[in-house]
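Structural overview
The primary structure of each chain is shown beneath.
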Amino acid sequence: MTAPPPAPTRRPGATAAAGAAAALVVLGGLGLALDGDAGRLAADLGLFLLAAVAGLCCLRAARRSRARARRGWTALTVACWSWAAGQAVWTVHENLGTTASPALAAEVGFLAFPVAALVGLARLAPPGARMATPRRLLDALVIGSAIGLAAWVGGLDTLVARSGTALPDAAAALAYPIADAVLLTAAVLTVAQTRDTPLRWGLLGGAVLAMTVSDTVFAYQVAAGAYANGTVAGWGWRIAFCLLAIAGALVQRDSTPFTTAAPLPREAGRAALLLPYVPLTAAVVLAALDSLADAGPDAVEVALVVVLVLLVLARQYVTVRDNQELTRAVQEREVQLHHLAFHDPLTGLANRALFLDRLEHALERAERSGQSVSVAFLDLDGFKSVNDTLGHAAGDALLTGVATRLRGELRGSDTLARLGGDEFAVLVEQGDDATVVARRLLAALGTPIHVDGRSVEVGASIGVAGVEAGQDTSPGTRAATRAATLLHRADLAMYAVKASGKGDVAAHSPELPAGRRADPADPVARRGTLRRGRPGLPAAFAAALQRHEVHAIYQPVVDPVSGRISALEVLARWTHDGIAVPPSDFVPACAEAGLSGQLTALMLEQGCAQLAAWTAGLAHRRLRIAVNVDPTEFGDEGLPERIAGVLRRHGLSPGQLALEMTETAVNNRPGSAVDVMRRLRALGVRVALDDFGTGYSTLSRLARTPADTVKIDRSFVAHIDHDEQQRWFLRGMLDLARHLGLRTVAEGVERAGQLHELRRQGCDLVQGYFVARPATGARLTPAVLADLPVLPPHLRGIRASDQPLGAGRWFRPASEPG
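Predicted, not measured: the structure shown is a model, and the values here were computed from it.

**Quick word on helix 27 (residues 777-786)**
Since the α-helix packs 3.6 residues into each turn, any two residues three or four apart lie on the same face. What helix 27 keeps buried is the set G777, L780 and V784. An end-on view of helix 27 places all buried positions within 65 degrees of arc, on one side of the element. Counted as exposed and oriented over 90 degrees from the buried face of helix 27: A778 and P782. On its buried face, helix 27 is in contact with strand 8 (550-558), strand 9 (565-576) and helix 20 (596-618). Within two residues after helix 27, D787 carries a phi angle of roughly 55 degrees, on the positive side.

Encoded structure:
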């Protein structure tokens, strides 16, 4: 049985356009076909009908819209029907020859159109900053008044005097084009500042333009005493209401609410700022020349000049207020960033950046005063089982309860920090014994913690390390290095507790074994030796570089809306004696051995070679790669030339490469780094700030860093699908990045709810195991060359969810079973 053909899709826009065109031809042609009084009556009635029908279409659009849009279409309905009412009165007056009072009522109806339409356009425009609408309205009024003054002194006053038209009649006629100029300016400024529904705004702008042309012709003809039916003025009015009717008919039910207007590009912003002052300057010059040529300004000129002065003063006041609000908003964002950079969003404790910063300062004070400094490293025992059985929300509540319990056992001078996951650290100063403090913390966790009505027992393993003479305070050693070393010793002591049965405190000493003893036949033990012992690791890594044992893998960076791969981050991987060494181990070893430059060069070479192969296969589309660079390399004056040479050798454009440096390194960069980064940006290479939000950097410092992308650290993404406070933090970071003109990439996306929230808040790109796992170039090639979305449709429009979904659906490491 043959299936019936599908029903044709309804196209309301095409139907409305066809109907409006037919009405325009019929009603306009009828006015031209008839002569004398019949033709005039047909033309007047045709205009009345078109205005009334346009009002009905706007009313239909209002009923199908919500919130601001509903009020905007309602105002346009009032505008159309007020014009129709004026036209009805005018038709009766012109064809029946009544007294002047009805004609005055018609003028009121006509002049109500631009006022109501201006309100409608303001409501239909996406909401911007608080003072955006008043500023746009004042700009429009300035331009309209300036055009009116220019028209009057440019010859309209002489024309009125020669024709003998009464000044009130001429002034009333002049009010139409001035009001329309105001309306047209508002429409142009709105179109320039929004990308929403371009067809709708094109129709509305066209309607306002047609109305402006007709009213200008009408004003000129009235001033010259030559107005008659059937001129250009009548056709412009007809076109305007036809376009309004089409715009209203295009609105569909439950249309998507407007989003906040995006900030203008720099060039467009400058043009928008200068727009009101161009006609204002021209009008003032013409008025001055006219005053010099004649005896002096007349009453109309004086009135318009006074209005312009008042409008300019009001515009300046609004500008000052807007600048004050912007300054206050930027200061609030900086305060938020400062808090985000130094505090854990879940517990409110200090984070790793603040802890290390305070530890560095404590060590510097200890070097001068000889006071003791010690660190306790605490890792919860049994936290993973709580997280797995009760869920992430319960795990977060447990961490918050632990933080409160620990904080209650410490002095105000001690620093308690959450380093990540279930790891905490305490900085103990001013002579207190860190071992005593650690046992007090351990005892505090002996009582169960109530989580969602349940009593949850959790223990801890704590390692303690103090300043060791001759090592931490050795001259020439950077405070950051000494702080990291001290924290690492406490970490080793904590692992010793874990290896000996957990739930205890151990102090670090040179004789303390780094965890359990390594058995050469036990790969897990060998991995532990690599992770915690590290003797000879820098030398082993240097040898691996020489033997080409370090290779690149790639993690896709994906557009959360389209689901397509936008870029790939190049990640280094190293396998030593059959054991995969994590980057958290070999990257510091690489820096310690002074091999960061070699590692960057290797990753750059391998990444560009792979990208060149992908680019040749894609042909029309250019992907990008991102390579991590040690901040010290930005002090190398020869870096831009070397990178340019690699790009030329592989036939790549500079825009296909991004160099990433951590935000923490912004404060520690060499003095010449800014010049090197600017040369890279001039070359076309992108510069990105990695781990954005975890380092201490002021807005002024960020503003002087020539970066175009920020990568939001995973700690600010971890709980956005169920933590309202972290959602607000994330929104502040994204808003700040947008205002600074920076592209945003979110790291650590591991659940569907996180992906949904990032897309909802307008994050440009996402990266994480849920989106795509790192993989070799060979495994990624089929998906890259297919050039199709790597996110299925339901994930590009998914609802928020707390439940973690399966990760790595599209890309799996070679070692993972498929």
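Alright, that's what it looks like, and here's the rest.
**A closer look at the sheet that holds strand 7 (residues 505-507)**
Across a sheet, paired strands are connected by hydrogen bonds in the backbone, their directions being either parallel or antiparallel. The five strands are arranged 2-3-1-6-7 in an open sheet whose pairing can be described as mixed. Each end of this open sheet is capped by a strand with a single partner; those strands are strand 2 (415-420) and strand 7. Recorded for the sheet is a direction-independent mean angle of 20 degrees between the axes of neighbouring strands. The pairing of strand 1 (residues 374-381) with strand 3 (residues 423-428) spans six bridges and is classified as antiparallel. Across the sheet, the residue bridging to D379 is E423, located in strand 3.

**Structural notes on unusual backbone geometry**
Positioned with a positive phi, H548 is a non-glycine residue whose angle comes to about 60 degrees. You can call H548 exposed: its relative accessible area is 65%. Look at D787: it is not a glycine, yet its phi comes out positive at around 55 degrees. Residue placement: D787 occurs in the loop between helix 27 and helix 28 (793-796). When its relative accessible area of 16% is taken as the criterion, D787 is described as buried.

**Examining the state of the cysteines**
Here, the word disulfide means a covalent bond between the sulfur atoms of two cysteines. Per the counting criterion, the structure on display carries zero disulfides. Distance from the sulfur of C242, which forms no disulfide, to the nearest cysteine sulfur (C57) is 9.8 Å.

What counts and what doesn't
- Every residue gets a number counted from 1 within its own chain, in the order that chain's sequence is written.
- Residue-level local features of this predicted model are given only where pLDDT is at least 70; pairs of side-chain atoms are given and counted only at 80 or more, and the full residue set underlies all totals for whole chains, interfaces and linings.
- Just so you know, side-chain values use all the structure's heavy atoms and leave hydrogens and water out.
- Throughout, exposure labels follow a simple rule: accessible area from a 1.4 Å probe, protein chains only, divided by the maximum for the residue type, with under 20% read as buried, over 50% as exposed, and the rest as partly exposed.
- Think of it this way: any DSSP run of H or I at least four residues long counts as a helix, any run of E at least two long counts as a strand, and we number them from the N terminus.
- Throughout, the arc means that of the directions going from the helix axis to the C-beta atoms.
- A contact between two residues is defined here by any heavy atoms of the two lying within 4.5 Å.
- Two strands qualify as a pair provided DSSP detects at least 2 bridges between them.
- Here, axes are lines fitted to C-alpha atoms. For helices the fit covers the stretch in contact, and angles between N-to-C directions go from 0 to 180 degrees.
- The disulfide criterion used throughout: a pair of cysteine sulfur atoms within 2.5 Å.

By themselves, these figures tell us nothing about what the structure is for.
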